[in-house]
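Each chain, written out:
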Amino acid sequence: MRIVIDLQAAQSTGSRNRGIGRYSLSLAQAMVRNCGEHEILIALNGLFPETIASIRAVFNDILPQENIRVWDAVGPVSDLDKSNDWRRQSSELLREAFLAALKPDIVHVMSVFEGFVDDAVTSIGTFCNLPTAVTLYDLIPFIHRHPYLDNPTVEAWYLKKLDHFRRADLWLAISESSRLEGLEYLSLPDAMVVNVSTAADHHFQKFELSEDAEHGIRKKYGLQHPFVMYTGGIDHRKNIDGLIRAFALLPLQIRCKHQLAIVCSARPEDKHELLCLAEKLGLSAEDVILTGFVPEEDLVALYNLCKLFVFPSWHEGFGLPALEAMHCGAPVIGANTSSLPEVIGWDDALFDPRSDVAIATAMERALGDELFRAELIRHGNSQAKRFSWDETARRAIVAFERFHAEGEVLRDAMPPLVRRPKLAYVSPLPPTRSGIADYSAELLPELDRLYEVELILDQAEVSDAFAEASWPVRTVEWFLKHADRYERVLYHFGNSDFHKHMFDLLPVVPGVVVLHDFFLSGIVAHMEVNGFKPDAWVNELYHSHGYLAVQERFHTKDTADVIWKFPCNLSVLQNSLGIIVHSENSLMLAQQWYGAIDHTEWPVIPLMRQAIADLERSKVRAQLGFKNDDFVVCSFGIMGPTKLNHRLLNAWFSTKLHTDAKCHLIFVGENHPADYGQQMTTQICNGNENPRIRITGWVDMEEFRKYLTAADIGVQLRTLSRGEASAAVLDCMNYGLATIVNANGSMANLAEESVWMLPDEFSDEQLMEALETLWKDHARRLKLGSVAREIIREVHSPRRCADLYGSAIEHHYRAAETGIHALSSAIADISPVAAKPDLRRLAEAVAFSMPPRLAPRQLLVDISKLVNHAPQVDTGQKIRDHLQELLAYPPEGFRVEPVYATYGNVYRYARCFTLRLLNCPEFALTDEVVEFRAGDQFLVLVQQQAKNDNTRDIFFEQLRNYGVEIQLDGPVAVK
Amino acid sequence: MSDRFYRAFEERYYAPREVIKALRRQYLPFAQPLAELYPGAATFDAGCGRGEWLELMGELELSPSGVDLDEGMLAACVERGLPAQKGDAVDYIATLPSDSQIIVSAFHVVEHITFEQLRTLVAEALRVLKPGGLLIMETPNPENIVVATRNFYLDPTHQRPIPSMLLAFVAEFAGFSRVKTLRLQESKSLVNRGEVSLQDVFAGVSPDYAVVAQKHASEDVLALTAQPFSLDYGLSLENLLSRWDSRFNRLETKAQQAETASQHWQQQAHQWHEYILALHASTSWKITKPLRAIKRLLSGDFAAIRSLTTTTKLKAKQTFRSVVSASIGFVFKRPGLRKPLSSTLKFFPKVHRRLLHVGVNTGVVKMGGMYVSNSTRPVLPPELDTMTPRARLIYQKLKAAIEDKNKRSA
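What counts as what
- Counting starts from 1 at the beginning of each chain's written sequence and moves along it residue by residue.
- Labels follow written order: the first chain is A, the first ligand is 1, and so on.
- Residues qualify for local features only when their pLDDT is at least 70, as the model is predicted, and side-chain atom pairs are given and counted only at 80 or more; totals for whole chains, interfaces and linings, by contrast, use all residues.
- As a convention, hydrogens and water are excluded, and side-chain values are obtained from all of the structure's heavy atoms.
- A run of DSSP states H or I qualifies as a helix once it reaches four residues; a run of E qualifies as a strand once it reaches two. Both are numbered from the N-terminal end.
- Burial here depends on accessible area, computed with a 1.4 Å probe over protein chains only, as a share of the maximum for the residue type. Under 20% is buried, over 50% is exposed, and the range in between is partly exposed.
- Here, two residues are considered to be in contact whenever any of their heavy atoms come within 4.5 Å of each other.
- We score Asp and Glu as negative and Lys and Arg as positive, and we do not count His or the chain ends.
- In plain terms, the charge of a residue is placed at NZ if it is Lys, CZ if Arg, CG if Asp and CD if Glu.
- Paired strands, as defined in this entry, are two strands with at least two bridges between them according to DSSP.
- Here the axes come from fitting lines to C-alpha atoms, over the contacting stretch only for helices, and the angles between their N-to-C directions go from 0 to 180 degrees.
- What counts as a salt bridge is simple: a side-chain nitrogen of Lys or Arg found within 4 Å of a carboxyl oxygen of Asp or Glu.
- Should an angle fall under 35 degrees it is taken as roughly parallel, and over 145 as roughly antiparallel, whereas 65 to 115 is taken as roughly perpendicular and any remaining angle as oblique.
- Working rule for handedness: look at the near helix, and if it is turned counterclockwise from the far one by less than a right angle, call the crossing left-handed; if clockwise, right-handed.
- By the convention adopted, Pro, Cys, Tyr, Trp, Phe, Met, Ile, Leu, Val and Ala count as nonpolar, Lys, Arg, Asp and Glu as charged, and the other residues, Gly among them, as polar.
- Every helix has an expected span of 1.5 Å times one less than the residues it contains.
- Throughout, nonpolar core names a set of buried Ala, Val, Leu, Ile, Met, Phe, Trp, Tyr and Cys residues whose side chains join them through atoms within 4.5 Å.
- Assignment of crossover handedness uses the view with strands pointing away from the viewer, where a clockwise path from the first strand over the helix to the second indicates a right-handed crossover.
- Two aromatic rings, drawn from Phe, Tyr or Trp (for Trp, its six-membered ring), form a pair once their centres lie within 6.5 Å of each other, and the interplanar angle then sorts them: stacked below 30 degrees, edge-to-face above 60, tilted otherwise.
- Only when the NZ of Lys or the CZ of Arg is both within 6 Å of the ring centre and within 35 degrees of the ring normal is a charge said to sit over the ring.

Bringing the overall build of chain A into the picture now. The number of helices and strands found in chain A is 41 helices and 30 strands. Each principal axis of the C-alpha atoms in chain A carries an extent, and together these give about 130 × 70 × 55 Å. Classification of the 975 residues of chain A by burial places 56% in the buried group. Long-range pairs, those at least 24 residues apart, make up 74% of the contacts in chain A with a sequence separation of at least 6. In chain A, the 96 positive side-chain charges and the 130 negative ones have mean positions that sit 1 Å from each other.

Spelled out as structure tokens, the structure:
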């Protein structure tokens, strides 16, 4: 389970120094300590930059820094100022989109009631529905609208927040009393409101003060006598008036031996009012002490020194001071209302706070009856132990687990589509001679069950079958104009010329991408070399693979090797709404090139094979010139070195099949156009004049099927495959052939009992053995064939595959509902409209808060000095050497990116400089502004002179806040 | 208006004394004959300012007097011993005896006073002038559009611009027998320039004008000043407008001629294009020839390959070289061919090396592959230039979404 904690309560100026802020921070720490298997992410608001470093520090030893995620917004956003409306609303949307992108199983908003006067942004269900838990502190303002909501502005804000609060799925109450308030006043569902309680921080504990220390404290606050203590806010529900009146009611012989210490910061007018009241009651300034604000350590000392702690509040969410006092060994008495009975936990220590006499009576007993006082202390000690942060955190996590488990059943079942969504199908189609065109021709009739399909084509004509079908055909231009008509877009990307129009279309009209070939380098290079899209290849090499790939592109003798080596597909992966692949092999490649991937985001849909209507085998054999007892071995597909046709031929010559007049070896497909083909023909002729070994040349579908029907064995070998699924193997299996394959690329993933699987690197003997065994063993051939056929029927049936498409497309589109595109249109719906600079800043905040998928971690090397100034020769050379070394040997898991500062600490990628350094054409890339991402490292190779370094420090501070690690003393730091 | 302000204002915008004096000389053709007719006679200058006109009158050995309200200005007169005193011109002229003056002048006065005061001034001038005496009133010319719309109001004490027709009519109506309007202070080069610009039309009309009115006198007296009264002075708005219109008409004619010519050449170009297409079709065989040559080479024409790897006669070699380099160039532009060809060539390393060598030497192949960076990079406005490319895309997306929404709601 991934738990995301929204910890703005520890950031907002309204809460961070108060109970809620401290509660949130303590609970979050405890949750991290007690999370067990679960993953915890902490979400922070970038509009409180001054708080981020200290919060990061708090979690330093217990949580990896990358688990602290910062999102940005455009401030100011406080609710009080109506001119903030657009910024506040857009920030709410952005925050929710950011949270959704973290794919949380639950979001825990530590405090919903934030952002009235500061820049905290809390909303629930404004942009999207995320499983959300909120902390329920109390509903005091709602229950006592007077006086808390007397101000209509405050009232409107509170009620609005309360609506958000109700939209949560799970409520974590800080006490049973506040839990019951939630049920009573908001009718929250009983099972979903959980009392997780609260705890006091560790430093509230009993300790012996030295005589000097005690004397110091007593002198500082004027507490010469034993004293009765209260601490907490000054608020009418806190009932301090009642306390003073009760103190005045104490019998004189007790009262004159004690002082009343009211420990809290108080505004002068409050202070004055309380002192007037005391005076009226005949109490002197010595009898009632108002300490004003006291530092934390003094507070602990006072708890330890007081003779009695009284907490007479009418209404509390929890009543933390009572617990803190018990931790410090103070005897505690308190009100018998709201949460205090469960905090104090003993009826004898409770009183009716509305009755001054009752308070006075309880105080008199606690101060006069030593036995009772001792009992209070003893009870307090044991009661305090019942509360701990670990316990509270465990309760919260158990609540999350239970909630998550209940939701699981619902989440995993895909709801059936209510109607067929309109889908734009972007793919080449027959008569285009491409495997993907044929594939689409097969998929479309099945996909039509689920979607109302329209075809987006970049080709002049379609085969009759499609013209006749009822799918409207649209041009790319038309599609661009009417893209908003479609609810779904499905792109088929392959490594050939027929897909080049899709590269510019995808970013504009995003959709789900079926990646037929993992390597798109062929077409991308082709687009550049042919001038279709200038610099397309250089840019994509750089974007996908960095400088090393660009360097190879310019320095490797044969650019074809570079095409072969680098997939060049990252832009397509990032621009898509989601990816579909045909084999596990593509997942492996993705992992290999771009690091860990989330497998749930890469659904694998096997290639389809239509169940075939059996042709009459003997008739077909006769047509092809085979007798019934002939043994026919076929290898299907276009011939070439990577198909290892020569290995099959060599093995054939060494087996007895070669000398048996009934055995035939047929290569069904076009011969290799160049030398390899020549060699094959020569070898066949030289070895045997016998026409029992043949190359058919290109055959149409009908002829192809005949051979599949006529064959006894299929042999499909591959080497150096790029992971693409082999269609011919599936054809063999579909026709029930016993098929020999080697474990290369995606063929390695075939079920073992369905084919004769040779190792990837097999020997001639192994292939010979396979041929001869299957030749002799008819039963074995039959068994392999029928298993293969069964698997095709089950796994590769077009119906099943189309269903898989349905769930994959819907899965991706569900995720896209919280993506940047959806966010943009939600932001557009905000009224009033944004000021232009705000819109720009928002775009920047979105770009930062929602980083692109699969983006590499960057090692940003600051070479401002090299780019902006000419350093001394030896220094410059040292940096260059070091930089070149970094570029050539990037640290594991990092992309090395030299960068330089321009005016106002705007950093740019030093692409032109680096290309020149690497001896490549320097203007092949542009020096764009650096995109800083959490997890990046920023390495300063040369320290700038300490001039105007203030702005630089602030900038670095901001980078650190964003999760960029800064290494100021690079290996080549120069003094 | 505080004195300090007006003084400062004048310091900035008033021309130097010498310049003013030179401008005033323009009236001498009117003044001189009268000075000769009435030697030593009195003249009166209303609003005499720094006394430039008084000085000129003295030079004609007349007896000038002047009044002005501005003490700062008068100080300049006092320095030079000129007969000026502080006073209101309209009040002052009423104290002068009838038939006592030969010239009453008011340079840049009438725009400062009310229309009633103007009429009084003109009527009093007629009274105090001797027969044949002259009233000169100079004022900004509202016919000049820049003056009328802007420069006139630079002086905050100005009342309202007075069109020359009005001022001339006031003099006529008062009973002056001869009234002349003089346009003044225009750029002399503009007067003779052929082409006028729109700027000239707006700002080039004489920025000032004067009305010179003469009191009734006998024919022989009037004849003395007949010549200056008969001339035309300065640039009028009509003059410049008609010059602009005729220039515009010329341009229009030229444009029509150019359009006709371009149609002609377009037709010509189209014919040539057709011709080239025909030519292209017929030479396609020639263009693809090198490709076929190398294909033959590579598909086992071993004789040709041997000729590559062994030394033959130089001439044969050179011929081969040009064919091969063209072929390589062709192949490099077609990566679809390139990969199969280059992988085939690897079976013949010697040929490969040799071909590569030819390619590099003839400049068709660059080591490390062909690369032509021909992308044009758009120049971004500064506020977008400091955004990351991704932030820019998101910004555009946001803007588009907002525009879209506005369009829908409109």
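Moving on: the sheet that holds strand β13 (residues 350–351) of chain A. Residue and element names in this part refer to chain A. Sheet architecture is open: 6 strands sit in the order β10-β9-β8-β11-β12-β13, paired in parallel fashion. Strands with a single pairing partner mark the edges of an open sheet, and in this sheet they are β10 (288–290) and β13. Relative to strand β11 (residues 308–311), strand β8 (residues 227–231) runs parallel, the two being bridged by 2 bridges. Across the sheet, Met-229 pairs through a bridge with Phe-309, a residue of β11. Packed onto the sheet, helix α15 (residues 356–368) meets β8, β11, β12 (332–335) and β13 and runs at close to 160 degrees relative to β11.

With that out of the way, let us pick up unusual backbone geometry. All names here are of chain A. A cis amide bond, omega -5 degrees, links Gly-75 with the succeeding residue Pro-76. Position of Pro-76 among the secondary structure elements: in the loop between β3 (68–71) and α3 (85–101). The step from His-146 to Pro-147 runs through a cis peptide bond, and the omega angle for that step is 10 degrees. In this structure, Asn-239 takes a positive phi of about 65 degrees despite not being glycine.

Take the pattern of salt bridges next. Counted according to the given criterion, the structure contains 63 salt bridges over all chains. When the shortest N-O distance is used, the salt bridge between A:Arg617 and A:Asp712 registers 2.9 Å. On the criterion of sequence distance, the pair formed by A:Arg617 in helix α28 (residues 617–624) and A:Asp712 in the loop between α31 (701–710) and β23 (713–716) is long-range, its members being 95 residues apart. Among the residues examined, A:Asp712 registers a relative accessible area of 13% and is labelled buried. Close ionic contact of B:Arg390 with A:Glu931 constitutes a salt bridge, the shortest N to O distance being 4.0 Å. With one member in each of two chains, B:Arg390 in helix α20 (residues 389–409) and A:Glu931 in the loop between α40 (911–917) and β29 (937–940) form a pair that bridges those chains. Each member of the pair, B:Arg390 together with A:Glu931, is buried. Each member of the salt-bridge network shares a partner with another, and the members are A:Asp79, A:Lys82, A:Asp85, A:Arg88, A:Glu92 and A:Lys160.

With that out of the way, let us pick up the packing of helix α9 (residues 240–249) of chain A against α15(A). All names here are of chain A. Running from amino to carboxyl end, α9 crosses α15 at an angle of 60 degrees, the nearest separation of the two axes being 8 Å. In this view, α9 runs oblique relative to α15, as classed from their interaxial angle. The hand of the α9/α15 crossing is right-handed. Packed against α9, whose contacting residues are Gly-242, Leu-243, Arg-245, Ala-246, Phe-247 and Leu-249, the element α15 presents Asp-356, Val-357, Ile-359, Ala-360 and Met-363 at the interface. Along the lines of polarity and charge, the residues of the contact of α9 with α15 split into 8 nonpolar, 1 polar and 2 charged.

Let's shift gears to helix α34 (residues 778–795) of chain A. Look at α34(A): 26 Å from first C-alpha to last across 18 residues, which is about the 26 Å you get at 1.5 Å a residue. Looking at the buried side of α34(A), the elements it contacts are β20 (631–636), β23, α32 (727–734), β24 (738–742), β25 (756–758) and α33 (764–776) of chain A.

This brings us to the packing of helix α37 (residues 836–849) of chain A against α20(B). When two helices pack together, their arrangement is given by the angle between their axes and by how far apart the axes lie. Put simply, α37(A) and α20(B) touch, their axes get as near as 8 Å, and they point 125 degrees apart. Comparing the axis directions of α37(A) and α20(B) gives the class oblique. Here α37(A) runs over α20(B); the crossing is right-handed. Where α37(A) abuts α20(B), its residues A:Lys836, A:Leu839, A:Arg840, A:Leu842, A:Ala843, A:Glu844, A:Val846 and A:Ala847 lie against B:Arg390, B:Ala391, B:Ile394, B:Tyr395, B:Leu398, B:Lys399 and B:Ile402. Of the residues contributing to the contact of α37(A) with α20(B), the split by class is 10 nonpolar, no polar and 5 charged.

Here we come to the side chain of A:Ser26. Within the secondary structure, A:Ser26 is located in helix α1 (residues 19–33). Setting aside residues up to four positions removed in sequence, A:Ser26 forms contacts with A:Asp201 and A:Trp389.

Residues and elements named next belong to chain A. Grouped together as the largest cluster of nonpolar side chains are 172 residues, with contacts concentrated most on Leu-7, Met-31, Leu-170 and Met-363. Not counting residues up to four positions away in its chain, the partners in contact with Leu-7 are Ser-24, Leu-25, Ala-28, Ile-42, Ala-43, Leu-44, Ile-55, Phe-59 and Met-110. In terms of nonpolar packing, the next biggest core, distinct from the first, is built from 121 residues, Leu-423, Val-524, Val-741 and Leu-883 among them.

What follows concerns the pairing of strand β5 (residues 129–140) of chain B. Residue and element names in this part refer to chain B. Buried residues dominate β5, accounting for 10 of its 12 residues. For strand β4 (residues 101–107) and β5, the ladder comprises 6 bridges, and the chain directions are parallel. Residue Phe-107 lies in a different strand from β5, and its bridge partner there is Glu-138. Remark: the β4/helix α7 (residues 115–128)/β5 crossover connection has right-handed handedness.

The next thing to look at is the side chain of A:Thr914. Its place among the elements puts A:Thr914 in helix α40. Looking at A:Thr914, the relative accessible area reads 0%, which means it is buried.

Residues and elements named next belong to chain A. Under the counting rule described, the total for this entry stands at 37 aromatic pairs over all chains. An aromatic cluster of three or more residues is present, and its members are Phe-204, Tyr-230, Tyr-303, Phe-309 and Phe-311. The positively charged end of Arg-365 is found above the aromatic ring belonging to Phe-372, 3.8 Å away from the centroid. The side chain of Arg-488 reaches across the aromatic face of Tyr-813, ending 4.8 Å from its centre.

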